[in-house]
Amino acid sequence: MNRICTFLIAAVVAAAPLSASAQDRDGRGDREPGRDRSEQTRPAARQISVSEAQGIAESRARGATFVGYVGTRGGQYVFRFDRDGQLFDIAVPMTGR
């Protein structure tokens, strides 16, 4: 009787991981119906800091003098520069692209 109980417990423990892996293999897993797998595995776009964006803007300004940070506009950081008395703005997307 003791051996039978031991075998039954071992069978239950051994079968549990198999049923969980079968669910993952069948392609449904925990995904929502109708969604493509690439949509779920794509990480969210990383937002860069203002100082990182300022460095990008300064490299685009090609030697112009940095005047200041204007703020954000439409998902972009905006910086003001001066070259030979002319002010111009450089916008850097918050994603850094």
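Computed from a predicted model, the values in this text were never measured in an experiment.

Caption draft 1: Region of interest: the overall build of the protein. Each helix and strand counted, the protein has three helices and three strands in total. Along the protein, helices (α) and strands (β) appear in the sequence α-α-α-β-β-β when read from the amino end. Counting all 97 residues of the protein, 15% fall into the buried class. The long-range share in the protein, meaning contacts at least 24 apart out of those at least 6 apart in sequence, stands at 31%. Of the roughly 7,600 Å² of accessible surface on the protein, 53% is carried by carbon and sulfur atoms.

Caption draft 2: Broad picture of the environment of Gly 96. By secondary structure assignment, the location of Gly 96 is in the segment after strand 3 (86-93). Sequence spacing of Gly 96 and Gln 47 is 49 residues, and the spatial spacing of their C-alpha atoms is 7.3 Å. Apart from residues lying up to four places away in sequence, Gly 96 is in contact with Ile 48 and Ile 56.

Caption draft 3: Summary view of the sheet that holds strand 3. A sheet is described by the order of its strands in space; here three strands give the open sequence 1-2-3, paired in antiparallel fashion. A single partner strand is all that each edge strand has here, and the edge strands are strand 1 (65-72) and strand 3. Between one strand and the next, the sheet's axes are offset by a mean angle of 25°, whatever the strand orientation. Pairing of strand 2 (residues 76-83) with strand 3, which is carried by eight bridges, proceeds in the antiparallel orientation.

Caption draft 4: View of the packing of aromatic side chains. Following the criterion strictly, the structure yields five aromatic pairs and no others. Seen from their ring centres, Phe 66 and Phe 79 are 6.3 Å apart, and the 50° between their planes marks the pair as tilted. With Phe 66 in strand 1 and Phe 79 in strand 2, the pair connects residues that are 13 residues apart, well separated along the chain. Owing to a relative accessible area of 30%, Phe 66 belongs among the partly exposed residues under this scheme. Assessed through its relative accessible area of 0%, Phe 79 is described here as buried. Ring geometry for Tyr 69 and Tyr 77: centres 6.4 Å apart, planes at 50°, overall tilted. Tyr 69 gets classed as partly exposed once you look at its relative accessible area, which sits at 39%. We classify Tyr 77 as buried; its relative accessible area is 5%. Linked through ring pairs, Phe 66, Tyr 69, Tyr 77, Phe 79, Phe 81 and Phe 88 together constitute an aromatic cluster.

Conventions and cut-offs
Residues numbered from 1 in each chain as written. Predicted model: local features only at pLDDT ≥ 70, side-chain atom pairs only at ≥ 80, totals over all residues. Heavy atoms only, no water. Helix = DSSP H or I, 4+ residues; strand = E, 2+ residues; numbered from the N terminus. Buried < 20%, exposed > 50% of the residue type's maximum accessible area, 1.4 Å probe, protein only. Contact = heavy atoms within 4.5 Å. Areas by Shrake-Rupley, 256 points an atom, 1.4 Å probe, with all protein chains shown as cover. Pairing = 2+ DSSP bridges. Axes fitted to C-alpha atoms, helices over the stretch in contact; angles between N-to-C directions. Phe/Tyr/Trp six-rings, centres within 6.5 Å; stacked < 30°, edge-to-face > 60°.

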